[in-house]
Amino acid sequence: MAAMYLLAQRSPLKGIAFVGGRRRVDILCEKEFAALGWEVRPATEDGSHGEKGLVTQPLLEELRKPQAASRHCRLYACGPTPMLRAVGRIADEFKIPAELSMDEHMCCGVGVCLTCVVRVKTGETWEYQRTCTEGPVFDSRKVEWEEA
Ligand code: FES
């Protein structure tokens, strides 16, 4: 959430921060986003704070509102890979650009060990790119997700 907060801090526009976690204690930076004038929509899997369920649920609800179509939405996401994959699918469905900060394990952090690679589309094929040096943020349309 720290990276998302820094992004919000530098944004000239106010947005909506969808913040998710398993429990209430996992919801971070809620007050900080609100202090920037952002709307905050928490979701917890156990229902202890905000909407009960996955964080993608309130995002979908927002995007399905009629007024959402007239907005120039853009999604930024960081967190666990299954959530990023879900956000990528939502971005495709609503034809919204999305930037995903890929949550891969990193051993060296300098581009040597290749533990952090993700598949990135390059025309008709794909190649591995290192999240530590080429990322960690990738355009969701470029990510070639491995079969779940
Ligand atoms: S962490 Fe070692 S190559 Fe990326």
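So, here's what we can say about the structure. Note that the structure is predicted; figures quoted are calculated from it, not measured.

1. Here we look at the pattern of salt bridges
Counted according to the given criterion, the structure contains eight salt bridges. In this structure, D26 and R23 form a salt bridge, with 3.7 Å as the shortest nitrogen-oxygen distance. Between R41 and E62 there is a salt bridge whose closest N-O contact spans 2.8 Å. You can see R41 sitting in strand β2 (residues 39–44) and its partner E62 sitting in helix α3 (residues 56–64), a full 21 residues away along the chain. Of the two residues, R41 and E62, neither departs from the other in class, the shared state being buried. Taken together, the shared-partner salt bridges connect E39, R41, E62 and K65 into one network.

2. Some remarks on helix α4 (residues 81–94)
Across its 14 residues, α4 extends 20 Å between first and last C-alpha, which sits within 8% of the 20 Å expected from 1.5 Å per residue. Here α4 has its buried residues at M83, L84, R85, V87, G88, I90 and A91. For α4, the secondary structure elements touched by its buried residues are α3, β4 (75–78) and β5 (98–101).

3. Let's talk about the sheet that holds β4
Pairing in this open sheet of three strands is mixed, and the strands run β4-β5-β8 from one edge to the other. What marks the edges here is a single partner per strand, and that holds for β4 and β8 (137–139). Neighbour-to-neighbour, the strand axes of the sheet open up by a mean angle of 20°, direction not taken into account. Bridge analysis of β5 against β8 gives three bridges, and the strand direction is antiparallel. If you follow S101 over to β8, its bridge partner there is V137. Packing of α4 onto the sheet brings it into contact with β4 and β5, and relative to β4 it is tilted by some 165°.

Here is what the cut-offs are and how they apply
- Residues numbered from 1 in each chain as written.
- Predicted model: local features only at pLDDT ≥ 70, side-chain atom pairs only at ≥ 80, totals over all residues.
- Heavy atoms only, no water.
- Salt bridge = Lys/Arg side-chain N within 4 Å of Asp/Glu carboxyl O.
- Helix = DSSP H or I, 4+ residues; strand = E, 2+ residues; numbered from the N terminus.
- Buried < 20%, exposed > 50% of the residue type's maximum accessible area, 1.4 Å probe, protein only.
- Expected span 1.5 Å × (residues − 1).
- Contact = heavy atoms within 4.5 Å.
- Pairing = 2+ DSSP bridges.
- Axes fitted to C-alpha atoms, helices over the stretch in contact; angles between N-to-C directions.

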